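Here is what each chain is made of, one letter per residue.
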Amino acid sequence: MVPKKRIDEILDGYDLNDITIATLCSHSSLQIFHGARKMGFKTLGLTIKHDTRYYDAFPLAKPDEIIKYDDFEDMESRVDELYEKNVIIIPHGSFVEYMGPKRFEDYEVPVYCNRSVLQWESDRDMERQWLTSAGINMPRVFTDAREINEPVMVKYHGAKGGMGYFIAKDYPDFKMSIDNSMPYSIQEYCLGTRYYLHFFYSPFKDDGYKLKRGGSLEMLSIDRRDESNIDEMYKLGSIEDAKRHGLYPSFVVTGNTPAVIRESLLPKAFTMAENAVERSYELFGGMWGPFCLETVVNDKLEFKVFEISTRIVAGTNPFISGSPYADLIYPGLSTGGRIAMEIRDSIKNGHLKDLMT
Ligand code: AMP
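Only a predicted model underlies this, so the values are computations on that prediction, with no experimental measurement involved.

Q: I keep staring at the overall build of the protein chain and nothing clicks. Help me out?
A: Of the regular secondary structure elements, the protein chain holds 13 helices and 14 strands. Across the 357 residues of the protein chain, 53% fall into the buried class. Long-range contacts, defined here as pairs at least 24 residues apart, represent 64% of the contacts in the protein chain between residues at least 6 apart. Here the protein chain has roughly 16,200 Å² of accessible surface; of this, 52% comes from carbon and sulfur atoms. Placing the 43 positive and 54 negative side-chain charges of the protein chain at their respective mean positions leaves the two points 2 Å apart.

Q: Looking at this model, I keep getting lost on unusual backbone geometry. Mind explaining?
A: With glycine set apart, most residues show a phi of negative sign, and most peptide bonds adopt trans. Here the bond from Ser228 into Asn229 is cis, since omega is 5°, no more than 30 degrees from zero. Its identity as a non-glycine residue notwithstanding, Lys49 has a phi of 55°, on the positive side. Of note, Lys49 is situated in the loop between strand E2 (42–48) and strand E3 (65–69). Look at Lys49 and you get exposed, because its relative accessible area is 66%.

Q: What exactly am I supposed to notice about the state of the cysteines here?
A: Cysteine pairs can be linked by a disulfide, which is a covalent bond between their two sulfur atoms. In total, this model carries 0 disulfides according to the counting rule given. With no disulfide of its own, Cys113 lies closest to Cys292 among cysteine sulfurs, the gap being 16 Å. The structure places no disulfide on Cys190, whose sulfur is separated from the nearest cysteine sulfur, that of Cys292, by 15 Å.

Q: Help me out: how do you make sense of the site of the ligand in this one?
A: In the vicinity of the ligand lie 16 residues, with Tyr165, Gln187, Tyr196, Glu227 and Glu307 positioned nearest. Contacts to the ligand include Arg225, whose side-chain N or O atom sits 3.2 Å from an oxygen atom. Contact between the ligand and Glu307: an oxygen atom at 2.4 Å from a side-chain N or O atom of the residue. Summarising the interface, the protein chains cover 96% of the accessible area of the ligand, which totals 480 Å² for the free molecule. For the shell around the ligand, the secondary structure elements donating two or more residues are strand E6 (152–156), strand E8 (184–188), strand E9 (193–202), strand E11 (216–229) and strand E14 (303–309).

Q: Sorry, what's going on with the nonpolar core here?
A: Leu46, Leu197 and Ile343 are the most contacted members of the largest nonpolar core, which totals 87 residues. Per-element accounting of this core gives the leading share, 8 residues, to helix H11 (residues 266–284). Not counting the four nearest positions on each side in its chain, Ile343 is found in contact with Ile21, Phe41, Ile88, Ile90, Tyr112, Leu352 and Met356. Membership of the second largest hydrophobic core comes to 11 residues, among which are Tyr156, Phe166, Phe174 and Ile178.

Q: Help me out: how do you make sense of the sheet that holds strand E5 (residues 141–142) in this one?
A: By way of backbone hydrogen bonds, the strands of a sheet pair with one another, either parallel or antiparallel. A sheet is described by the order of its strands in space; here 4 strands give the open sequence E5-E8-E6-E7, paired in antiparallel fashion. Looking at strand neighbours, the two that pair on one side only are E5 and strand E7 (166–168), the edges of this open sheet. Pairing between E6 and E8: 5 bridges, direction antiparallel. Across the sheet, Val154 pairs through a bridge with Ile186, a residue of E8.

Q: Which parts of the structure should I look at to understand the pattern of salt bridges?
A: Note on pairing: side chains with opposite charge can pair once their charged atoms come close. Here the structure, examined in full by the defined rule, presents 31 salt bridges. Between Lys4 and Asp8 there is a salt bridge, and its shortest N-O distance comes to 2.6 Å. One end of the pair, Lys4, and the other, Asp8, are both in helix H1 (residues 4–12), 4 residues apart, so they sit about a helical turn from each other. For Lys4, a relative accessible area of 35% puts it in the partly exposed group. Across the pair Lys235 and Glu232 runs a salt bridge, and its minimum N-O distance is 2.4 Å.

Calculation criteria
- Residues numbered from 1 in each chain as written.
- Predicted model: local features only at pLDDT ≥ 70, side-chain atom pairs only at ≥ 80, totals over all residues.
- Heavy atoms only, no water.
- Helix = DSSP H or I, 4+ residues; strand = E, 2+ residues; numbered from the N terminus.
- Buried < 20%, exposed > 50% of the residue type's maximum accessible area, 1.4 Å probe, protein only.
- Contact = heavy atoms within 4.5 Å.
- Areas by Shrake-Rupley, 256 points an atom, 1.4 Å probe, with all protein chains shown as cover.
- Lys, Arg positive; Asp, Glu negative; His and termini not counted.
- Charge placed at Lys NZ, Arg CZ, Asp CG, Glu CD.
- Disulfide = S-S within 2.5 Å.
- Near = heavy atom within 4 Å.
- Polar contact = N/O pair within 3.5 Å; in protein donor to acceptor, adjacent residues only side chain to side chain.
- Core = buried A, V, L, I, M, F, W, Y, C linked by side-chain atoms within 4.5 Å.
- Pairing = 2+ DSSP bridges.
- Salt bridge = Lys/Arg side-chain N within 4 Å of Asp/Glu carboxyl O.

Rendered as structure tokens:
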């Protein structure tokens, strides 16, 4: 991991009146650039041979400049160009996933997040330790496949966007689908409705939903993911029928739709998010900025959290001009805009270094 001292040195060389917000051209970059422009920042798209022409179609979200790299090595070796532009990187899911969490930890440019969180998030056992020790309910884990006696979800480690996940109802079912060459984990299949809760924690804001340790927690929006092909599988009758025809359910994220939860669930949602933040400071120095709790709510109105994403999620993209929740705090503001606002305010109040690793 880049030593914090090195990041502070880089920031010492920056002109804080001329900051550029940069991110990888993918995932939620339209929203990040749009939000950064709204707060008066310059914007820079980083890309590795992506087609970036689609930005021309969205002038208000098109970065001021784009740098095309040959590969991630090229990107890592050309950091001086970014220092000259006073660049702050906004991480998103695809950035960390494509670069790899380990490399991302070592990327020598100031990043808006605590990089120590990456290890806790990318290792499923550590993630579970963090969240369960914060009092958050997670799906039960099966350590022995022969004990499967109810529907379970089998997840390959490092699987991207639900790719390759499968449901098994018993051991024979599991054996039929498992690829033993890859590490996997088995967890209870949580039946209910999925909600992806988008929070934002500001360690410096001192009003609103205040936390014990200080700072303020905001809920900015909620989405539900569209997943292919599981979402439409029911049209073929039972999953078992479909399997007989060689059609297997998959969970590949293809898009997102806006959602709200019943108001009586909000206290529970805030308590979970608050506990995750408080515990993050005890375990690894904190999680700040945007994060998402990926949940299922059952018919007893209980949440189970099957994943935490500790940065902006693509599920915030439907809310570029606000959301039913953000509009009650900052009308018309997206998560991308909220990130830029936090950076702008931290520059003004002399806290920028506290938010960068
Ligand atoms: P993940 O990679 O953990 O975000 O999971 C991808 C998708 O698989 C989620 O969006 C859910 O639709 C589904 N999923 C993951 N874990 C579970 C679970 N324990 N029970 C039911 N569905 C799940």
